[in-house]
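# Architecture at a glance
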Amino acid sequence: MQGEQRKRGTGGVPGPDAPDFPSRTAPRARDLAALDDELIRCRACPRLVEWREETARVKRRAFQEWDYWARPVPGFGPPDAALAVVGLAPAAHGGNRTGRIFTGDRSGDVLFAALHAVGLASQPESTARGDGLELYGVRVTAPVHCAPPANKPTPQERLTCRPWLARELELLRPTLRAVVVLGAFGWQALLPVLEEAGWQVPRPRPRFGHGVHIELPDAGGGSTLHLLGCYHVSQQNTFTGRLTPAMLREALAEGAALAGLEPSGSGA
């Protein structure tokens, strides 16, 4: 009975354990701050909840002194961003530890160094929430907000988490002009979300590739959205040279230019 009450929540509103918690909760968020507040309460995917919390208990030796975040990790960046960077999911000992997307792992080291180099971030390192990092006109997010085992969310977990990203993009829509997608998983997850948010995605849906550039008209007559593909900043790609720092900087700089951003400076 207590478990059922927890899933139902109070006043008929679904509790964070309910499978439909994201789909019923995300659309009601008035702004990104409210969306993030609800998102971090989510417990809709039992496998992901178990993994993120187990990882927080069984810490890596280097992080024994950390109090892990061990909750869903929201997007990061200003609410009027013109450019979005979309990845896959938080890392178990990265965002799941620090509470900020792409923060505290080697993938994040590569990404934020590149964002700083092209003038979209205030500093080249992202080590913890509260470290002073600011992003200029860009918001970083993911289609899955909890760290998955082996970095592989299931299709159902991706579907359950979709409403958070859909609402995030809807709230960004007035200013959003370009999206850089890191990897095929993010690309496949993002296309149906963009359709739901009001952009026209061609059929058949365009395939992911590094350097791919697709223009998506706004169904409501607004500004066209530029969709750019970029290899993911995983160690598998960066250590082998499949994705070099120069390639990443080029993709981010192109996204910024298409979004109409004027970088605030350069760390180069």
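Rules used throughout
- Residues numbered from 1 in each chain as written.
- Predicted model: local features only at pLDDT ≥ 70, side-chain atom pairs only at ≥ 80, totals over all residues.
- Heavy atoms only, no water.
- Helix = DSSP H or I, 4+ residues; strand = E, 2+ residues; numbered from the N terminus.
- Expected span 1.5 Å × (residues − 1).
- Bend = angle between axes of the 7 residues up to and from the residue.
- Buried < 20%, exposed > 50% of the residue type's maximum accessible area, 1.4 Å probe, protein only.
- Contact = heavy atoms within 4.5 Å.
- Pairing = 2+ DSSP bridges.
- Axes fitted to C-alpha atoms, helices over the stretch in contact; angles between N-to-C directions.
- Parallel < 35°, antiparallel > 145°, perpendicular 65-115°, else oblique.
- Left-handed = near helix turned anticlockwise from the far one by under 90°.
- Nonpolar A, V, L, I, M, F, W, Y, C, P; charged D, E, K, R; others polar.
- Phe/Tyr/Trp six-rings, centres within 6.5 Å; stacked < 30°, edge-to-face > 60°.
- Lys NZ or Arg CZ within 6 Å of the ring centre and 35° of its normal.

All right, on to helix α7 (residues 155–172) then. An α-helical turn contains 3.6 residues, so any two residues separated by three or four positions project in the same direction. Between its first and last C-alpha, α7 extends 25 Å over 18 residues, near the 26 Å set by a 1.5 Å rise per residue. At Cys-161, α7 shows its maximal bend, which comes to roughly 40°, and the proline Pro-163 appears one to four places after that position. Inspection of α7 places Glu-157, Thr-160, Cys-161, Pro-163, Trp-164, Leu-165, Ala-166, Arg-167, Glu-168, Leu-169, Leu-171 and Leu-172 among the buried residues, and these make up the whole buried set. For α7, the elements touching its buried residues are α2 (21–25), α3 (32–39), α4 (46–57), β2 (138–141) and α8 (184–197).

On to the sheet that holds strand β1 (residues 83–86), then. Strand order across the open sheet formed by 5 strands is β2-β1-β3-β5-β4, with mixed pairing between neighbours. With partners counted over all chains shown, the strands left at the sheet margins are β2 and β4 (213–216), one partner each. With strand direction ignored, the average angle separating the axes of adjacent strands in the sheet is 20°. Pairing of β4 with strand β5 (residues 225–230), which is carried by 4 bridges, proceeds in the antiparallel orientation. In the strand pairing of β5, His-213 is matched with Leu-228.

Here we come to unusual backbone geometry. A cis geometry characterises the amide bond from Arg-203 onward to Pro-204, with omega recorded as -5°. Relative to the helices and strands, Pro-204 is located in the loop between α8 and β4. If you check the backbone angles, Ala-70 has positive phi at about 55° while not being a glycine. In this structure, Ala-70 sits in the loop between α4 and β1. For Ala-70, a relative accessible area of 12% corresponds to the buried category.

Next up on the list: the packing of α7 against α8. Where α7 contacts α8, the two axes come as close as 9 Å, and the packing angle between them is 55°. In terms of orientation, α7 lies oblique with respect to α8. Of the two elements, α7 crosses α8, and the hand of that crossing is right-handed. In contact with Arg-158, Arg-162, Leu-165, Ala-166, Leu-169 and Glu-170 of α7, α8 contributes Phe-185, Gln-188, Ala-189, Leu-190, Pro-192, Val-193, Leu-194, Glu-196 and Ala-197. In the contact of α7 with α8, the residues fall into 10 nonpolar, 1 polar and 4 charged.

Where two aromatic rings form a pair, the distance of their centres and the angle of their planes describe that pair. The full count for this structure, using the stated rule, is 3 aromatic pairs. Seen in terms of ring centroids, Phe-21 and Trp-164 are 5.9 Å apart; in terms of plane orientation they differ by 55°. Their pairing is tilted. Of this pair, Phe-21 sits in helix α2 while Trp-164 sits in helix α7; the two residues are 143 residues apart in sequence, bridging distant segments of the chain. Grouping residues by exposure puts Phe-21 and Trp-164 together as buried. Here a set of aromatic residues connected by ring pairs shows up, and it is made of Trp-187, Phe-208 and Tyr-231. When the ring centre of Trp-69 is taken as reference, the NZ or CZ atom of Arg-71 above it lies at 3.8 Å. For Arg-173, the ring lying beneath its charged end belongs to Trp-199, and the centroid distance is 5.6 Å.

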